Amino acid sequence: MQEDQMLAFKAQRQRDKRIAQFKRNLLILAVIAIILPTLLCIYLFFKVNSLEDKLAALYKEGTAAVSQKRTDDNTVYASQDLKPDEVNAVENPSLNEQKTLNQETTGVQTPETNDSKKEKKIVYLTFDDGPSSNTKNILKVLKEHNVKATFFVVGNKYNSEEFEAMYKQIVEEGHTIGMHSYSHQYSTIYQSLDAFKEDLNLLQDYLNKTIGMSPAIYRFPGGSSNKVSDTKMEVFINYLKEKNLTYFDWNVSSGDAAGQNLSVEEIVNNTMEGVSKNQTSVVLMHDSEHLDSTVEALGKIIEQLKEQGIEILPIDQKTTPVQQLKAK
Ligand SMILES: [Zn+2]
């Protein structure tokens, strides 16, 4: 009987031992399960931080590279002997051969250096798709703030005298006029090179007739990197190059386009946030009858840019083009 008790006691002690051992193992496992993820978190935190820094540095380099890119050096611009009201009009020299050309003083850009970060920031405000019933309002805001901008215009949509006067007013008030196709119908102009040429000729003829000159700058409807063209955009880019026309995309989008229905505040914020990332910004806005929000946002944008000491300029022959897609 005593032997039985002894055996039971022994068995009990061994069980206790095993339980204690099991508890110890469980504790060690728990500690490992807590410490390992914690260490991993700390490691990842520092890793993400350093990657973010690297990304920011790369982004800065990238934007600088975009703004440093120049079109072909053979691009020749009209020189300074323009009439005062045409100074900002960036005329096409091939259509104005009587004007003296001076590539040395106007076609060559000083490359940006690291010091440029300390230089004044520049913003080019650009308005696509006009003239419209809002052109007068946009011009009024620009005048009130003594700011010159750039209008990439289309053909006279309504074939009316009232709209015809708008092209003239844009030029007379010292703004730059660029081309944005005659019809603005993607399906037509991007159908083939011939269709593109025909559309361009229409706009050039119309502008020659209306404002007495043909602009040297062009903005592709949808931008050079649009995904709607059936024809390779390089075909059109090369054609513009042949014609000594420089195309401008944008590196800041205000987001004011008709379908997006952004509030005035959102348009202002988009623009200011975009501008904060670049030394030189080309801001995409629209001159369209339904976009009263653009007009309202414009005044606020100009005020904020001025508060930050940013210079607002119209595109001219010295402006480095921002181009999303480059022809090879
Ligand atoms: Zn457009």
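Cut-off values and rules
- Counting from 1, residues in each chain are numbered in the order their sequence is written.
- Per-residue local features of the predicted model are confined to residues with pLDDT of at least 70, and side-chain atom pairs are confined, for both listing and counting, to 80 or more; whole-chain, interface and lining totals are unaffected and use all residues.
- Hydrogens and waters are ignored; side-chain quantities use all the structure's heavy atoms.
- In this description a helix means any DSSP run of H or I spanning at least four residues, a strand means any run of E spanning at least two, and both kinds are numbered starting from the N terminus.
- Here's how the labels work: a residue is buried when its accessible area is under 20% of the maximum for its type, exposed when over 50%, partly exposed in between, all with a 1.4 Å probe on protein chains only.
- As used in this record, nonpolar core signifies buried Ala, Val, Leu, Ile, Met, Phe, Trp, Tyr and Cys residues forming a set joined through side-chain atoms within 4.5 Å.
- Residue contacts follow a heavy-atom distance rule, with two residues in contact if any of their heavy atoms lie within 4.5 Å.
- Consider the strands pointing away from the viewer: the crossover is right-handed when the path from the first strand over the helix to the second runs clockwise.
- Under this scheme, a helix contributes an axis fitted over its contacting stretch, all axes are lines through C-alpha atoms, and angles between N-to-C directions fall in the 0 to 180 degree range.
- By definition in this entry, angles of less than 35 degrees are roughly parallel, angles greater than 145 are roughly antiparallel, angles of 65 to 115 are roughly perpendicular, and the rest are oblique.
- Here a crossing is taken to be left-handed if its near helix is turned anticlockwise relative to the far helix by less than a right angle, and right-handed if that turn runs clockwise.
- Amino acids are sorted into nonpolar (Ala, Val, Leu, Ile, Met, Phe, Trp, Tyr, Cys and Pro), charged (Asp, Glu, Lys and Arg) and polar (every other residue, Gly among them).
- Think of it this way: a Phe, Tyr or Trp ring, Trp meaning its six-membered ring, pairs with another when their centres are within 6.5 Å, and the plane angle makes it stacked under 30 degrees, edge-to-face over 60, tilted otherwise.
- Distances define the donors: N, O and S atoms within 2.8 Å of the metal qualify, as do those within 3.2 Å of Na, K or Ca. Water is excluded, so some sites may look unfinished.

### Examining unusual backbone geometry
In this structure, the amide linkage connecting Gly130 to the following residue, Pro131, adopts the cis form with an omega of -5 degrees. Following the sequence through the fold, Pro131 ends up in the loop between β1 (122–128) and α3 (135–144). Positive phi is not limited to glycine here, since His184 has a value of about 60 degrees. Checked against the element boundaries, His184 lands in the loop between β3 (176–179) and α5 (186–189). We classify His184 as partly exposed; its relative accessible area is 23%. The phi dihedral of Asn244 falls on the positive side, at around 60 degrees, and the residue is not glycine. Considering the arrangement of structural elements, one finds Asn244 in the loop between α7 (233–242) and β5 (246–247).

### Concerning the nonpolar core
Soluble globular proteins tend to pack their nonpolar side chains together in the buried interior. Of all hydrophobic cores here, the largest spans 50 residues; its most connected members are Leu125 and Phe220. Here Leu125 is in contact with Val147, Ala149, Thr150, Val283, Met285, Leu298, Ile301, Ile302, Leu305, Ile312 and Leu313, once residues within four sequence places are set aside. Tyr124, Ile217, Trp250 and Val322 belong to the second-largest nonpolar core, a separate cluster that totals nine residues.

### With respect to the side chain of Thr210
Looking at the element boundaries, Thr210 is found in helix α6 (residues 193–211). In contact with Thr210, not counting residues within four places along its chain, are Glu164, Tyr167 and Lys168.

### Points about the pairing of β3
What you see with β3 is no split at all: Thr176 and Gly178 on one side and Ile177 and Met179 on the other are buried throughout. You can see the chain leave strand β2 (residues 150–153), run along helix α4 (residues 161–172) and come back into β3, and the turn it takes is right-handed.

### As for the packing of helix α8 (residues 264–276) against helix α9 (residues 292–307)
It is at 9 Å that the axes of α8 and α9 come closest, and there the two elements cross at 40 degrees. Comparing their axes, α9 and α8 come out oblique. Relative to α9, the crossing made by α8 is right-handed. Residues Val264, Ile267, Val268, Thr271, Met272 and Val275 of α8 form the contact with α9, whose participating residues are Ser293, Thr294, Glu296, Ala297, Lys300, Ile301, Gln304 and Leu305. Looking at side-chain class alone, the contact of α8 with α9 contains eight nonpolar, four polar and two charged residues.

### Observations regarding the packing of aromatic side chains
Going through the model one piece at a time under the given rule, you end up with 12 aromatic pairs. Here the aromatic cluster, defined as three or more aromatic residues joined through ring pairs, consists of Tyr186, Tyr190, Phe196, Tyr218, Phe220, Phe236, Tyr239 and Tyr247.

### Side note on the coordination of the zinc ion
Distances from the zinc ion to its protein donors, Asp129 (OD), His180 (NE2) and His184 (NE2), fall at 2.1 Å. Between consecutive donor residues of the zinc ion, the sequence gaps follow D-x50-H-x3-H. Residue classification places His180 among the buried positions, given a relative accessible area of 2%.

### Regarding the packing of α3 against α4
Taken N-terminus to C-terminus, the directions of α3 and α4 make an angle of 15 degrees; their axes are 10 Å apart at the nearest point. Looking at the two axes, α3 sits roughly parallel to α4. Our pair here, α3 against α4, has a crossing hand that is left-handed. Here Thr135, Lys136 and Leu139 of α3 come into contact with α4, specifically with Met166, Gln169 and Ile170. For the contact of α3 with α4, the per-class residue count stands at three nonpolar, two polar and one charged.

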